[in-house]
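Structure at a glance
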Amino acid sequence: PRIGFIGGPVFSSAQNEELVREVAAELGHTLGHRAIVFLTAGMPGVQKVFAKNLGESVQIVNLLQTGKESGYGVGRDVHADVDQQGRRELYGRLADVYIAAEGGPADAEEARSAVGRGAHVVPLSRTG
């Protein structure tokens, strides 16, 4: 199974960032020993905080455009030879479940696309 993260590049509040940290830590602790891959699109903000707080026992893959780096210091950066829109479309097809926190119209589009292909999207409701 694959779990992806959808979210904005900045947090609207310190409370939302703390919630994302706590959820990531709990997911890593609870699911880290299972054969689950956590996915990000290598974006700053929500995705970076998720990745950096999952813990050391999890598999993290950061899907990026060729020539880009996540700079997370965790996980494995994997590159696709696509433009930004192509990366969004590819990322929206990879996970079985996406956790969404904050974000804007592009993130909402990613979530709708994922739901449209049968993935589950779990919003962190306190984050917008």
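One can find the structure itself at the top, above this paragraph.
Everything in this summary refers to the structure shown in the same document.

**Quick look at the sheet that holds strand 2 (residues 37-40)**
One key point about sheets: their strands pair by backbone hydrogen bonds, in either a parallel or an antiparallel sense. Reading across from one edge, 4-3-2-1-5-6 is the order of the 6 strands in this open sheet, with parallel pairing throughout. In the strand order of this sheet, the two ends are held by strand 4 (76-80) and strand 6 (120-123), each with one partner. The mean inter-strand angle of the sheet, taken between neighbouring strand axes irrespective of direction, is 25°. In terms of strand pairing, strand 1 (residues 2-7) meets strand 5 (residues 97-101) through 5 bridges, oriented parallel. When the sheet's bridge partners are listed, Ile3 is paired in strand 5 with Val97. Sitting on the sheet, helix 3 (residues 84-91) touches strand 1, strand 2, strand 3 (59-65), strand 4 and strand 5, and the angle it makes with strand 3 is about 150°. Lying on the sheet, helix 4 (residues 105-116) is in contact with strand 1, strand 5 and strand 6; it crosses strand 1 at an angle near 150°.

**Structural notes on the nonpolar core**
In terms of nonpolar packing, the biggest core is built from 36 residues, with Phe5, Leu27, Phe38, Phe50, Leu54 and Leu124 touching the most fellow members. Secondary structure elements with two or more residues in this core: strand 1, helix 1 (14-31), strand 2, helix 2 (46-53), strand 3, strand 5 and helix 4. Take this core: its biggest share by element is 6 residues, from helix 1. Not counting residues up to four positions away in its chain, the partners in contact with Phe38 are Ile3, Phe5, Leu27, Leu31, Leu54, Val58, Gln59, Ile60 and Val61.

Rules and cut-offs
- Residues numbered from 1 in each chain as written.
- Predicted model: local features only at pLDDT ≥ 70, side-chain atom pairs only at ≥ 80, totals over all residues.
- Heavy atoms only, no water.
- Pairing = 2+ DSSP bridges.
- Helix = DSSP H or I, 4+ residues; strand = E, 2+ residues; numbered from the N terminus.
- Axes fitted to C-alpha atoms, helices over the stretch in contact; angles between N-to-C directions.
- Contact = heavy atoms within 4.5 Å.
- Core = buried A, V, L, I, M, F, W, Y, C linked by side-chain atoms within 4.5 Å.
- Buried < 20%, exposed > 50% of the residue type's maximum accessible area, 1.4 Å probe, protein only.

The values are spatial; any link to function lies outside them.
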